[in-house]
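Listed below, chain by chain, are the residues.
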Amino acid sequence: MARARSEERRTEIVRAALEVIAERGYRGASLGAVAERVGLTQQGLLHYFPTKEALLVAVLEERDRWDTSGARDPGKWRLDLMESLVEYNAMRPGIVQTFSALLGESVTEDHPARAFFTERYAQVRTNMADVLRAEFGDELPGGLGPEQVAPLLTAVMDGLQFQWLLDPEAVDMPASFRDFLALLQEGRVRAP
């Protein structure tokens, strides 16, 4: 019972941290602000997460669990499921904003999430290449291989998120992603 309560509390803290980071960015977020949201002292929070960096990694891992359950097993992913993920993200602007802000901040050399995102993108590119290979074989329309197109597909997904966050009235993220998939499919249909 105590262990279940501890896990519930950790989940509550991670969600509060996600909110605080979305509002203030990682560098502007404090352990004190997160602790206050969940009714703990900063010392009480440190019982669950010994450092701000440990809490950040937990936030990122939780976000990935929400978005990519099954994505670690590329055999479960298809392009149409990726389209569903884009539609799902369009319903959660706060989560997408937090992820995007942390991603942007993580490009600095000393950011504690840099290693997380570097490893994550290596895995995402591998998974995307596997999805593309399952869909198109070893050569996509235009003659490119799955490993060449995987970073492009990833860039489209992330780039659409940034554009949508900046101007949601002008950028229909799910529709734009469907348009991109149609471009990929169109080249295959026209091939002899």
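Relevant structure appears above.
Residues numbered from 1 in each chain as written. Predicted model: local features only at pLDDT ≥ 70, side-chain atom pairs only at ≥ 80, totals over all residues. Heavy atoms only, no water.

### Concerning helix H8 (residues 146-166)
- In a regular helix each residue adds 1.5 Å, so 21 residues correspond to 30 Å; H8 covers 30 Å between its end C-alpha atoms and thus fits that length.
- The set of residues buried in H8 consists of Pro146, Val149, Ala150, Leu153, Thr154, Met157, Asp158, Leu160, Gln161 and Trp164. Axial view of H8: buried residues confined to an arc of 165°, hence all on one face. (Helix = DSSP H or I, 4+ residues; strand = E, 2+ residues; numbered from the N terminus. Expected span 1.5 Å × (residues − 1). Buried < 20%, exposed > 50% of the residue type's maximum accessible area, 1.4 Å probe, protein only. Arc of directions from axis to C-beta.)

### Some details on the packing of helix H7 (residues 114-136) against H8
- Look at H7 against H8: their axes get within 8 Å of each other, and the N-to-C directions meet at 115°. Here H7 is positioned roughly perpendicular relative to H8, judged by the angle of their axes. Read as a crossing pair, H7 and H8 show a hand that is right-handed. Across the interface between the two elements, Tyr121, Val124, Arg125, Met128, Ala129, Leu132 and Arg133 of H7 pack against Pro146, Glu147, Val149, Ala150, Pro151, Leu153, Thr154, Met157 and Asp158 of H8.
- Residues belonging to the contact of H7 with H8 are distributed by class as follows: 11 nonpolar, 1 polar and 4 charged. (Axes fitted to C-alpha atoms, helices over the stretch in contact; angles between N-to-C directions. Parallel < 35°, antiparallel > 145°, perpendicular 65-115°, else oblique. Left-handed = near helix turned anticlockwise from the far one by under 90°. Contact = heavy atoms within 4.5 Å. Nonpolar A, V, L, I, M, F, W, Y, C, P; charged D, E, K, R; others polar.)

### Quick notes on the environment of Glu119
- Mapped onto the elements of the fold, Glu119 is located in helix H7.
- Given the relative accessible area of 58%, Glu119 is considered exposed.
- Along the chain, Glu119 and Ala35 lie 84 residues apart, while their C-alpha atoms are 29 Å from each other.

### Comments concerning the pattern of salt bridges
- Scanning the entire structure with this criterion turns up 10 salt bridges.
- Between Glu12 and Arg9 there is a salt bridge; the shortest N-O distance is 2.8 Å. Note that Glu12 and Arg9 are positioned in helix H1 (residues 2-28) at a spacing of 3 residues, about one turn of the helix.
- The class for Arg9 is buried, based on a relative accessible area of 12%.
- Two residues, Glu147 and Arg133, come together in a salt bridge whose shortest N-O distance is 2.9 Å. Remark: Arg133 occurs in helix H7 and Glu147 occurs in helix H8; sequence separation between them is 14 residues.
- Residue classification places Arg133 among the partly exposed residues on the basis of a relative accessible area of 28%. (Salt bridge = Lys/Arg side-chain N within 4 Å of Asp/Glu carboxyl O.)

### Regarding the packing of aromatic side chains
- With the rule as written, the count across this model stands at 3 aromatic pairs.
- Their ring planes at 85° and their centres at 5.4 Å tell us that Phe116 and Phe117 sit as a pair that is edge-to-face.
- For Phe116, a relative accessible area of 15% translates into the label buried.
- For Arg120, the ring lying beneath its charged end belongs to Tyr121, and the centroid distance is 5.5 Å. (Phe/Tyr/Trp six-rings, centres within 6.5 Å; stacked < 30°, edge-to-face > 60°. Lys NZ or Arg CZ within 6 Å of the ring centre and 35° of its normal.)

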